[in-house]
Amino acid sequence: MKKNMNTVSMLSAIILLIFALLTLFMSSSVIFDWFNIRAKEGNYVLSIVWINFICSFLYLLAVYGFVKSKTWTFYMLLSALVILILGFVVLLFHIKNGGIYEAKTITAMLFRMMFTLTFSIIAYFKLNKSQWKKRSS
């Protein structure tokens, strides 16, 4: 059972690392206009780009948490999820008030929220099981 949990943690860490690095690269490229990506992104919403940038660091911390089996990993991912949800609400207000945006931004935010929720659940149950083992020992 322990080997199975280590596999889940490592696989989660690898997937989350790839996602975090991609998010960090893309969001920082828009913010700092690296490689002229800003022009290619069209009508991006800067607040969403900043939220993704911040979440990329939370994801990287969560990667470390998965690798080292830290109990705070769940809270890092939950924090990222809360930030994404608040950002999505801001995006909806932006759209409702006639702000320009790309339709792909809505899809990307929904994906990001589901992705983060999924890894939050994985972290919660992984840590919950390890907490129960510690209590029963």
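Each value, and the rule that gives it
Residues numbered from 1 in each chain as written. Predicted model: local features only at pLDDT ≥ 70, side-chain atom pairs only at ≥ 80, totals over all residues. Heavy atoms only, no water. Helix = DSSP H or I, 4+ residues; strand = E, 2+ residues; numbered from the N terminus. Contact = heavy atoms within 4.5 Å. Areas by Shrake-Rupley, 256 points an atom, 1.4 Å probe, with all protein chains shown as cover. Axes fitted to C-alpha atoms, helices over the stretch in contact; angles between N-to-C directions. Parallel < 35°, antiparallel > 145°, perpendicular 65-115°, else oblique. Nonpolar A, V, L, I, M, F, W, Y, C, P; charged D, E, K, R; others polar. Patch = residues over 30% accessible without salt bridge, like charges linked within 9 Å, V, L, I, M, F, W, Y side chains within 5 Å. Salt bridge = Lys/Arg side-chain N within 4 Å of Asp/Glu carboxyl O. Buried < 20%, exposed > 50% of the residue type's maximum accessible area, 1.4 Å probe, protein only. Phe/Tyr/Trp six-rings, centres within 6.5 Å; stacked < 30°, edge-to-face > 60°.

1. Side note on the overall build of the protein
Okay, step 1: Counting secondary structure elements, the protein contains 5 helices and 0 strands.
Okay, step 2: Secondary structure elements of the protein occur, N-terminal to C-terminal, as α-α-α-α-α.
Okay, step 3: For the protein, contacts bridging at least 24 residues in sequence account for 69% of all contacts bridging at least 6.
Okay, step 4: Element-wise, carbon and sulfur atoms account for 71% of the exposed surface of the protein, whose accessible area totals about 8300 Å².

2. Let's talk about the packing of helix α3 (residues 46–68) against helix α4 (residues 73–96)
Okay, step 1: The geometry of α3 relative to α4 is characterised by a closest axis approach of 8 Å and an angle of 170 degrees between their N-to-C directions. The orientation of α3 relative to α4 falls into the category roughly antiparallel. Contacts between α3 and α4 involve Ser47, Ile48, Ile51, Asn52, Ile54, Cys55, Leu58, Tyr59, Leu61, Ala62, Gly65 and Phe66 from the former and Thr73, Met76, Leu77, Ser79, Ala80, Ile83, Leu84, Gly87, Val90 and Leu91 from the latter.
Okay, step 2: In terms of residue class, the contact of α3 with α4 is made up of 16 nonpolar, 6 polar and no charged.

3. A look at a nonpolar patch on the surface
Okay, step 1: There is a patch of nonpolar side chains on the surface, built from Leu61, Tyr64, Trp72, Tyr75, Leu78, Val82 and Leu86 and spanning about 660 Å² of accessible area.
Okay, step 2: In terms of residue count, α4 provides more of the nonpolar patch than any other element does, 4 residues in total.
Okay, step 3: When you line up the elements, Leu78 lands in helix α4.
Okay, step 4: For Leu78, a relative accessible area of 33% gives the class partly exposed.

4. A word on the packing of aromatic side chains
Okay, step 1: In total, this model carries 15 aromatic pairs according to the counting rule given.
Okay, step 2: Taking 5.6 Å as the distance between ring centres and 25 degrees as the angle between the ring planes, the aromatic pair formed by Phe32 and Trp34 counts as stacked.
Okay, step 3: Relative to Phe115, the ring of Phe111 lies with its centre 5.9 Å away and its plane at 35 degrees, an arrangement referred to as tilted. Note that Phe111 and Phe115 are positioned in helix α5 (residues 103–136) at a spacing of 4 residues, about one turn of the helix.

5. Some words on the environment of Ile83
Okay, step 1: By secondary structure assignment, the location of Ile83 is in helix α4.
Okay, step 2: Take Ile83: its relative accessible area is 26%, and that puts it in the partly exposed class.

6. What about the pattern of salt bridges?
Okay, step 1: Under the definition given, this model contains 1 salt bridge.
Okay, step 2: Among the ionic pairs, Lys104 bridges to Glu41, the shortest N-O distance being 3.8 Å. Pair noted here: Lys104 is in helix α5 and Glu41 is in the loop between α2 (37–40) and α3, with a separation of 63 residues, a long-range link.
Okay, step 3: A relative accessible area of 46% means that Lys104 is categorised as partly exposed.
Okay, step 4: The class for Glu41 is partly exposed, based on a relative accessible area of 21%.

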